[in-house]
Amino acid sequence: MALDVDQRLERARRPGFGIGLLKGMRVLLKHLFKRNSVIQYPDVKQDLSPRTRGVIALKEENCTVCMLCARECPDWCIYIDSHKETLPPKREGGRPRKRNVLDRFAIDYALCMYCGICVEVCPYDALFWSREFEYAEYDIRQLTHEKEKLSDWMATVLPPTELEEGADIPGQPSKAAPAAAAATQTATPTAAATAATPASVTSSATEARPGQAQTAPREGTAATEAARPAASAPDAATTPAPETAKPAPGLAEEVKDQQMDSTAEARAEPEVKRDAGGAVEAEGSQAEVEDKAEAETPSTPESTAVTQTPPPAAAAPSRPAPRIEDLEQPEDAYARVLDEQSKAGSSPQVAEARAKVARVKAERAMTQARAAAPQEVAPTPEPSGAPGAAEPEPEQGPVAPTPEEKPDSSAPQAEASSPGEDPEAVFERVLEEERAKGSSDAVATARAKAARMRAGRGAGSAGPQEQEGTKGPND
Amino acid sequence: MIEITLTDWQILLVKLLIILIVVPVGALVGGYVLHKEMAHMQHRLGPMYAGGWHGWAQTLADGIKFAYKEDIIPASADKRVFSLAPAVIFVPVLLLYLVIPIDQNLIVEDLDVGLFFLLAIGSVGSIGVLMAGWSSANKYALIGALRSAGQLIAYELPIVLSAAAIAMLAGTLSLVGIVEAQDWPYIVWPPGIGLALFLLFLAGAMAEMALPPFDMPVAESELITGPFTEYTGMRFIFGFFFAETAHMIAFAAIGTTLFLGGYKPIVPWEPLEVIPGVLWFFVKTSFMVFLLLWVRFSFPRLREDQLQKFAWKALIPLSLVLILATGAWILYGP
Amino acid sequence: MADTYLQVIFWAFFALMAIAGIRVVTTRNVIHAALYLVATLLGAASMYVLLYAEFVAWVQVLVYVGAVVVLMLFGLMLTRAPIGSANFDNNQRLVGAVCAGLLFAVTSFIMVGAFEGQEIDFTGTEGTKVQSIGEAIFSIYVLPFEIVSVLLLAALVGAVVISRRDEGRVDS
Ligand code: SF4
Ligand code: SF4
């Protein structure tokens, strides 16, 4: 090899009598007649790769003012101001809650070196890369962009790109679930498990891996995917779709392992955690859920799998299973959780608090279940999982000391192509919507493509914030 | 048909007027071609906006822009010399066009010593460059001017000698006479010598015009714009851009005349004789311009010492040898 | 008629040459002096043209304007010419004036003696053809031509020797 290099050097150093010059001229001549691939920038915009590091967008309602980003920024170019606010207790007799209110969040782009550390480090998924890059100013001082502008850019953040086939997702092994969309929307399989507490969630997540390996094919067939959403109710495992809810215990057993994976997935959805109550009611629904799932994905080759998997609801993942019988009355929930907690060795106060939470959730779940029925199929047309779609709900916001207070940010996770919707149709629809909103062509197409992708793999909800959103609170 | 009778003076005036119109237009078109050819050779698009269609009006817009710019004369500059220099650079370039035969009878003045006139006038411009460089009271300008002068002295010889060889072959200094004396296949005749003379002329011409790769006088990475560093507005455009492009076209035309058979058809074939000589001349000159630009875009700038070495150690001996060879060919050739 | 034009042109160029010539010696700036010299030389070239000696005229331009003056300017700028408008002068004007005056007197005396009473006829001259000049140089005047060549060669060698002096010392 070394000899080879030497020989080549030797050859290169030999006098060429101007042949090299002629070669150079030939290259230029070739280029003169080549098709020119210049993109005429201000007129035509390049479709930048989805992971382009353009600017950093801020999802204000996700920010807990934890200051991690500001501390980690190597350039110290993030400025954060906040104050504490005391909120009235959520219900009678509660404890007044404190929460940080973000007053100022600014990034000095004149200093920023686009290292991405802030995006990486934010535990609450409040910072995202946007492909936007036209933010030049006439004065260097104006390059310090305030949170208003940073939030505006949120609209330009694309959903994360699809992972490679068979790629390992640390901590969340299973695949996205398509049919899920509906479920997630209506009765988000909250971590009902209020009681389930973070601990249980994590445990299920960790177990999930092996389970998946056994039953759920990595490739995430449509079936498994379909199962996910339903299954997604983490611990509460009780599933969503309250209106349909019926337990299917037998199935539950079969799919249990798989479910466990799903739980991990479920964690990904903040909203899932929230209305926990739904879970309680959900129990009954499994059979129907199953049917539904089947009905929706009948044509897929994996339909057999579908039959097995849907029970997600049933899923009774590890812990919650025992509690899932039928609609639990709030008071029952209270009593039960209290009981469990004291058995588990929680201090009386904690046990009581958790029990209360469980009661409240159970109540809420009931109401929601009643209300939710009609909405089920109607997908909100919001832009595909663009994080921006989330609606701020400050009071439930970022401060998430107890499970029930976990962020509910993405309530109408619109992305929701309605389950089973034809990817092409999704594409068209999103494109239409984007156009209507006045997005630039490139952005509209990109989002439409993203939506199609999601629809194609059947996932309704792959918005970035859902995927990791719960990481912080739970861990 | 109306007969128009003009006296010699009137004809001369009309011809001068034509030159005064054609040369600037030619320079504008040449500038546009320069932009475009360079861009596409470098896989870019070049000007695309001015004027609408592929930025055809870019050079015109540039010219207008420069016309509106303030004419700044540095405080410590030698004002008279500074103001005069662009004219001293530009006027000789215009004068070059006086003797170039565009067609057998289409020439402002077929001087008996046309070739000599070209060489003489072509060398006057360097005085202007020296004036510009010195009067600017700027060290970069001065260095640029000195480089320019050194370069001119070194490369004048190859040009003059190769032109002399052509004159020997043609037996005349009149440009029309030289064209008439040329026969197909123009530049490759006499074998070897013709082509070598052509290359010699090309190298000398590029160096004299300070085109890359011989553009050390204006080497922008070292000297900003060399002698023109302090110039602005119209003086800049006339002394630099306009003169450069007009000079380049003039040299392309001279090369066509001396080596490519001027206004004669490319191959001596009856039907081609119908096409007017002006067209042939235009085609050949365009080819020359293309060639000059092509070379210009292909090679990186030489270093000053490399340039001088190349001239004194390669080109000048080569040109002397070629003169000898030409003489031998005339005496003993067929 | 044509004669009158030529007279006018002649006197115009004469005036140019005279003024430029005087400025060459009186200006305080050595670069200006060189530039005035250019004007003088161009005037001389135009005189040659008026005398139907085209070839000599263009040789004048090529050699003197294009090469000699460029070299002079080059040398001046490379060595000690002040940049910009600053002055550069020494106090030897008197000596210079005396020398120049003597030279002028002698030349005029000889010229007047040689061409007394002759008039130049501008009309009907065909002018000097390049061919005849070439023939003259390479036949009648071939000896002076060769001698001048040798002289120039000697000057060239001398210049090289002088400029390489330092290096020679190092070698020995
Ligand atoms: S990208 Fe890096 S430099 Fe820029 S704000 Fe974030 S951490 Fe700071
Ligand atoms: S939540 Fe994210 S964006 Fe907000 S302060 Fe913490 S690290 Fe920064």
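Each remark here, short or long, concerns the structure printed above.
Rules behind the numbers
- Residue numbers run consecutively from 1 along every chain, following the written order of its sequence.
- Labels are handed out in written order, letters beginning with A for the chains and numbers beginning with 1 for the ligands.
- Where local features are concerned, this predicted model is filtered to residues with pLDDT of at least 70; where side-chain atom pairs are given and counted, the filter is 80 or more; whole-chain, interface and lining totals use all residues.
- Computation of side-chain values: all heavy atoms of the structure, hydrogens and water removed.
- Every helix listed is a DSSP run of H or I at least four residues long, and every strand listed is a run of E at least two residues long, numbered separately from the N terminus.
- Working definition: with a 1.4 Å probe on protein chains only, accessible area under 20% of the residue-type maximum means buried, over 50% means exposed, and in between means partly exposed.
- Residue contacts follow a heavy-atom distance rule, with two residues in contact if any of their heavy atoms lie within 4.5 Å.
- The rule for a residue being near a molecule or strand is that one of its heavy atoms must lie within 4 Å of it.
- Only Asp, Glu, Lys and Arg are considered charged in this grouping, and only Ala, Val, Leu, Ile, Met, Phe, Trp, Tyr, Cys and Pro are considered nonpolar; every other residue, Gly among them, is considered polar.
- Salt bridges, as used here, are contacts in which a Lys or Arg side-chain nitrogen is within 4 Å of a carboxyl oxygen on Asp or Glu.
- Here the buried area means the combined drop in accessible surface, using a 1.4 Å probe, for two parts upon being joined, counting both sides.
- Pairs of N or O atoms are called polar contacts if they sit within 3.5 Å, as long as, within protein, a hydrogen donor faces a hydrogen acceptor (for residues adjacent in sequence, only side-chain-to-side-chain pairs).
- We define a nonpolar core as any set of buried Ala, Val, Leu, Ile, Met, Phe, Trp, Tyr and Cys residues linked to one another through side-chain atoms lying within 4.5 Å.
- Centres within 6.5 Å are what make two rings of Phe, Tyr or Trp a pair, Trp counting through its six-membered ring; a difference in plane orientation under 30 degrees is then read as stacked, over 60 as edge-to-face, and the rest as tilted.
- Throughout this description, the term charge over a ring refers to an Arg CZ or Lys NZ atom that lies within 6 Å of the ring centre and within 35 degrees of the ring normal.
- The convention used is that axes are lines fitted to C-alpha atoms, helices contributing only their stretch in contact, and that angles between N-to-C directions extend from 0 to 180 degrees.
- For this classification, under 35 degrees means roughly parallel, over 145 means roughly antiparallel, 65 to 115 means roughly perpendicular, and everything else is oblique.
- We treat two strands as partners when DSSP finds at least two bridges between them.
- For patch detection, residues must exceed 30% relative accessible area and be free of salt bridges, and they are connected within 9 Å for like charges or within 5 Å for nonpolar side chains (Val, Leu, Ile, Met, Phe, Trp, Tyr).
- Areas reported here follow the Shrake-Rupley algorithm with a probe of radius 1.4 Å; residue values treat only the protein chains shown as occluding.
- Note on charges: Lys and Arg go in the positive column, Asp and Glu in the negative column, and His and the chain ends are not counted at all.
- Think of each charge as sitting on NZ of Lys, CZ of Arg, CG of Asp or CD of Glu.
- What a helix should span is 1.5 Å times the count of its residues minus one.
- The reported bend at a residue is simply the angle between two axes, fitted to the 7 residues ending at it and to the 7 residues beginning with it.
- In this scheme the handedness of a crossing depends on how the near helix is turned from the far one: anticlockwise by less than a right angle means left-handed, clockwise means right-handed.

Caption draft 1: Spotlight on the overall build of chain B. On a plain count of helices and strands, chain B comes out with 11 helices and zero strands. Along chain B, helices and strands appear, N-terminal first, in the series α-α-α-α-α-α-α-α-α-α-α. For chain B, the proportion of its 334 residues judged to be buried stands at 55%. Put simply, 77% of the contacts in chain B that link residues at least 6 apart link residues at least 24 apart.

Caption draft 2: Quick peek at the site of ligand 1. Around ligand 1 there are 13 residues in total, and C73(A), C112(A), C115(A), G116(A) and C118(A) lie nearest to it. Of the residues contributing to the shell around ligand 1, the split by class is 11 nonpolar, one polar and one charged.

Caption draft 3: How the structure looks around the environment of A455(A). Position of A455(A) among the secondary structure elements: in helix α17 (residues 441-456). Taking relative accessible area as the criterion, A455(A) reaches 11% and is therefore assigned buried.

Caption draft 4: How the structure looks around the pattern of salt bridges. Taken as a whole and judged by the stated rule, the model has 12 salt bridges over all chains. A salt bridge links D139(A) to R141(A); the nearest nitrogen and oxygen atoms lie 2.6 Å apart. Exposure remark for R141(A): the relative accessible area of 65% places this residue in the exposed category. Residues R235(B) and D71(B) are paired through a salt bridge, measuring 3.0 Å at the closest nitrogen-oxygen approach. Linking R235(B) in helix α9 (residues 233-259) with D71(B) in the loop between α2 (58-67) and α3 (79-96), this pair joins segments that are 164 residues apart in sequence. Judged by relative accessible area, R235(B) falls into the partly exposed class, the value being 23%. A network of salt bridges, in which partner residues are shared, links R147(B), E222(B) and E304(B).

Caption draft 5: Highlighting the interface of chain A and chain B. Between chain A and chain B, the contact holds 15 residues from the first and 14 residues from the second. For the pair chain A and chain B, the summed buried surface comes to about 1400 Å²; carbon and sulfur atoms form 67% of the total. Where chain A packs against chain B, one counts zero salt bridges. Across the contact surface, chain A and chain B share three residue pairs in polar contact (both at pLDDT 80 or more). Partitioned by chemical class, the residues of the side of chain A that touches chain B number seven nonpolar, four polar and four charged.

Caption draft 6: Main features of the side chain of T229(B). All names here are of chain B. Within the secondary structure layout, T229 lies in the loop between α8 (220-223) and α9. For T229, the side chain forms a polar contact with the main-chain oxygen of L223, separated by 3.4 Å. Aside from chain neighbours lying at most four places away, what touches T229 is N138, Y140, A141, L223 and I224.

Caption draft 7: Structural detail: the interface of chain B and chain C. Taken together, the contact pairs 31 residues of chain B with 28 residues of chain C. Carbon and sulfur atoms supply 79% of the area that chain B and chain C bury against each other, a total of about 2600 Å² over both sides. For chain B, the biggest contributors to the area lost against chain C are F116(B), I127(B) and W134(B); these three give 25% of the whole. Summed over the shared surface of chain B and chain C, the number is one residue pair in polar contact (both at pLDDT 80 or more). Elements supplying a minimum of two residues to the side of chain B that touches chain C: α3, α4 (114-135) and α5 (139-170) of chain B. Along the lines of polarity and charge, the residues of the side of chain B that touches chain C split into 21 nonpolar, six polar and four charged.

Caption draft 8: Looking closely at the nonpolar core. By size, the foremost hydrophobic cluster in this structure holds 124 residues, and its most contacted members are I127(B), L258(B), W58(C) and L73(C). Among the elements that line this core, the one with the most residues is α9(B), at 15 residues. Beyond its immediate chain neighbours, meaning those up to four positions away, L73(C) contacts I127(B), L130(B), I31(C), A34(C) and L35(C). Among the nonpolar cores identified, the runner-up in size contains 30 residues, and V55(A), A70(A), F128(A) and L143(A) belong to it.

Caption draft 9: A look at the packing of aromatic side chains. Taken as a whole and assessed by the stated rule, the structure comprises 21 aromatic pairs over all chains. Residues Y41(A) and F133(A) carry aromatic rings whose centres are separated by 5.9 Å and whose planes lie at 45° to one another, so their mutual orientation is tilted. Of the two residues, Y41(A) is situated in the loop between α2 (19-33) and β1 (55-58) and F133(A) in the loop between β4 (127-130) and β5 (144-145); the sequence distance between them amounts to 92 residues. Owing to a relative accessible area of 37%, Y41(A) belongs among the partly exposed residues under this scheme. For F133(A), a relative accessible area of 38% gives the class partly exposed. Measuring from ring centre to ring centre gives 5.8 Å for Y109(A) and W153(A), while their planes differ by 80°; the resulting arrangement is edge-to-face. Of this pair, Y109(A) sits in the loop between β3 (97-108) and α4 (117-121) while W153(A) sits in the loop between α5 (147-152) and α6 (180-186); the two residues are 44 residues apart in sequence, bridging distant segments of the chain. In this structure W153(A) comes out as buried when scored by relative accessible area, which is 6%. Taken together, the aromatic side chains of Y109(A), Y114(A), Y135(A) and W153(A) make up a single cluster linked through ring pairs. Seen from the ring of F66(B), K69(B) lies directly overhead, with NZ or CZ sitting 5.3 Å from the centre.

Caption draft 10: Geometry of the environment of L169(B). Residue and element names in this part refer to chain B. Looking at the element boundaries, L169 is found in helix α5. Expressed as a C-alpha distance, the spacing of L169 and P190, which sit 21 residues apart in the sequence, is 9.0 Å. Setting aside anything within four residues of it in sequence, one finds L169 in contact with P190, T326, W329 and I330.

Caption draft 11: Structural detail: the packing of α2(B) against α9(B). Residue and element names in this part refer to chain B. Interaxial distance between α2 and α9 falls to 7 Å at its minimum, and their mutual angle equals 135°. With respect to their mutual orientation, α2 and α9 come out oblique. Contacts between α2 and α9 involve G63, F66 and A67 from the first element and G233, M234, F236, I237 and F241 from the second. Taken together, the residues of the contact of α2 with α9 sort by class into six nonpolar, two polar and no charged.

Caption draft 12: Representation of the sheet that holds strand β2 (residues 78-87) of chain A in the model. Here three strands make up an open sheet; going across it, the order is β2-β3-β5 (chain A) and the pairing antiparallel. Two strands bound the open sheet, and with one partner strand each, they are β2 and β5 of chain A.

Caption draft 13: View of a nonpolar patch on the surface. There is a patch of nonpolar side chains on the surface, built from V14(B), L17(B), I18(B), L20(B), I21(B), V22(B), V25(B), V29(B) and V33(B) and spanning about 770 Å² of accessible area. Mapped onto the elements of the fold, V25(B) is located in helix α1 (residues 8-41).

Caption draft 14: Representation of a positive patch on the surface within the structure. All names here are of chain A. A surface patch of like charges, here positive, comprises K23, R26, K30 and K34. Locating K34 in the fold gives a position in the loop between α2 and β1. Look at K34 and you get partly exposed, because its relative accessible area is 45%.

Caption draft 15: Region of interest: unusual backbone geometry. All names here are of chain B. Phi at H43 is positive, roughly 60°, even though this residue is not glycine. Checked against the element boundaries, H43 lands in the loop between α1 and α2. For I224, which is not glycine, the phi torsion reads 65° and is therefore positive. By relative accessible area, I224 is classed as partly exposed at 42%.

Caption draft 16: Highlighting helix α11 (residues 304-332) of chain B. Residue and element names in this part refer to chain B. Under the 1.5 Å per step criterion, the end-to-end length of α11 is 40 Å for 29 residues, consistent within 8% with the ideal 42 Å. Most pronounced at A311, the bend in α11 amounts to some 30°. Taken residue by residue, α11 has L307, A311, L315, I316, S319, L322, I323, T326 and G327 as its buried positions. Looking at the buried side of α11, the elements it contacts are α5 and α7 (193-208).

Caption draft 17: Region of interest: the packing of α7(B) against α9(B). Residue and element names in this part refer to chain B. Interaxial distance between α7 and α9 falls to 11 Å at its minimum, and their mutual angle equals 165°. Judged on the interaxial angle alone, α9 and α7 are roughly antiparallel. The element α7 and its partner α9 pack so that their crossing is right-handed. Here G194, L197, F198, F201, A205 and E208 of α7 come into contact with α9, specifically with F251, I254, G255, L258 and F259.

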